Amino acid sequence: MIIQLIKNGEVVDTSAESNSSSSTSKKSGGSLDKDAFLQLLVAQMKYQDPLEPTDNTEYISQLATFSQLEETQNMQASLQEMEANSLVGKQVVLRVTSSATGETSDVTGTVDSVIHENNKTYLMVNNNLYSIDDLYSVMDDSYMDAISLAKSFSLAIASLPSADELTLDNAGTLTNLRKAYDSMTSYQKSFIKQSDIDKLVKLEEKMKQLQAAAGENGDKTEGNGGTEDKKDTEETGKAE
């Protein structure tokens, strides 16, 4: 006697092959991998109607499809390995989902090495292994250079005093920062904070005021000195 479960008016297949293929399909996100395909083919052969067996031509067609599927997956695996190997030494961003909390976070770092294990590829980043499936983006060298340059510029600006506390001793630093900014490319300048640029301009204007005031004081000192020397000379002449 054959007993089958009925659910929603349909026969439910409780065979091990069916459960296995269903589980495999769920694990792969709904895609049918070669193992699940082979299991379905075996189940089809095992449970076919002996009075109306499946045509051999159909089996050959399904086997050919299986071979194509396997070849495609092997090619994808090879391409994935090549892609992973080319990432060594590059800065990457990994988007990782915690299995415990389900929260997603970004991990940034340099790929130190690549490990291929059990048909899976892993990236060694910050001394931790991450699946290549977690790869979110790859940052090129020009991007990293611009980021580093912007950070150095920001630190230099932050080390300067406010406009009220600025002195003539800071003139050299301001000149060097202006030269550094002007020598940057448009791409590099796009990473500089607007607040840092505003502070630089404000300090430069204040420095011009300080230098102008120092120049005027110098002229007055020289003028007073010249008058005093002239008076001393006249008095000396009269005395003689």
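Residues numbered from 1 in each chain as written. Predicted model: local features only at pLDDT ≥ 70, side-chain atom pairs only at ≥ 80, totals over all residues. Heavy atoms only, no water.

**Q** Just to check I follow, could you spell out the pattern of salt bridges for this structure?
**A** If charged atoms from side chains of opposite charge come close, those side chains can pair. Tallied over the entire structure, the rule returns 3 salt bridges. Among the salt bridges present, the one from R95 reaches D106, with a minimum N-O distance of 2.8 Å. Of the two residues, R95 is situated in strand β3 (residues 91–97) and D106 in strand β4 (residues 104–117); the sequence distance between them amounts to 11 residues. Taking the relative accessible area as the measure of exposure, R95 reaches 35% and is therefore partly exposed. Two residues, E204 and R178, come together in a salt bridge whose shortest N-O distance is 2.8 Å. A residue pair is termed long-range when its members are at least 10 positions apart, and E204 in helix α7 (residues 194–239) and R178 in helix α5 (residues 171–182) qualify at 26 residues. R178 gets classed as partly exposed once you look at its relative accessible area, which sits at 23%. The network of salt bridges with shared partners includes R178, D182 and E204. (Salt bridge = Lys/Arg side-chain N within 4 Å of Asp/Glu carboxyl O. Helix = DSSP H or I, 4+ residues; strand = E, 2+ residues; numbered from the N terminus. Buried < 20%, exposed > 50% of the residue type's maximum accessible area, 1.4 Å probe, protein only.)

**Q** What should I look at first to understand the nonpolar core in this one?
**A** Grouped burial of nonpolar side chains is what soluble globular proteins tend to show. Core analysis: the biggest nonpolar cluster contains 16 residues, and F153, L174 and I192 have the highest contact counts within it. Put simply, the parts of the chain that give this core at least two residues each are α4 (141–158), α5 and α7. Among all residues touching F153, those that are not within four sequence positions of it are L177, Y181, M184, I192, D196 and L200. Ranked by size, the runner-up nonpolar core spans 13 residues in total, among them V92, V111, I132 and L135. (Core = buried A, V, L, I, M, F, W, Y, C linked by side-chain atoms within 4.5 Å. Contact = heavy atoms within 4.5 Å.)

**Q** Sorry, what's going on with α5 here?
**A** Over its 12 residues, α5 runs 17 Å from end to end, which matches the ideal 16 Å to within 8%, given 1.5 Å per residue. All of the buried residues in α5 are A171, L174, L177 and Y181. Along the axis of α5, the buried residues cluster in a sector spanning 130°; they form a single face. Of the exposed residues in α5, those oriented more than 90 degrees away from the buried face are N176 and K179. (Expected span 1.5 Å × (residues − 1). Arc of directions from axis to C-beta.)

**Q** Sorry, what's going on with the pairing of β4 here?
**A** Consecutive side chains along a regular strand alternate between the two faces of the sheet. Relative to β4, β3 is paired through 7 bridges, and the arrangement is antiparallel. In the sheet register, V92 faces β4, and the bridge partner there is G109. Of the strand pairs in this sheet, β4 and strand β5 (residues 120–125) are connected by 6 bridges, and their pairing is antiparallel. Its bridge partner lying in β5, S113 is registered against M124. Two successive antiparallel strands, β4 and β5, enclose a turn made up of 2 residues, where N118 displays a positive phi of approximately 55°. (Pairing = 2+ DSSP bridges.)

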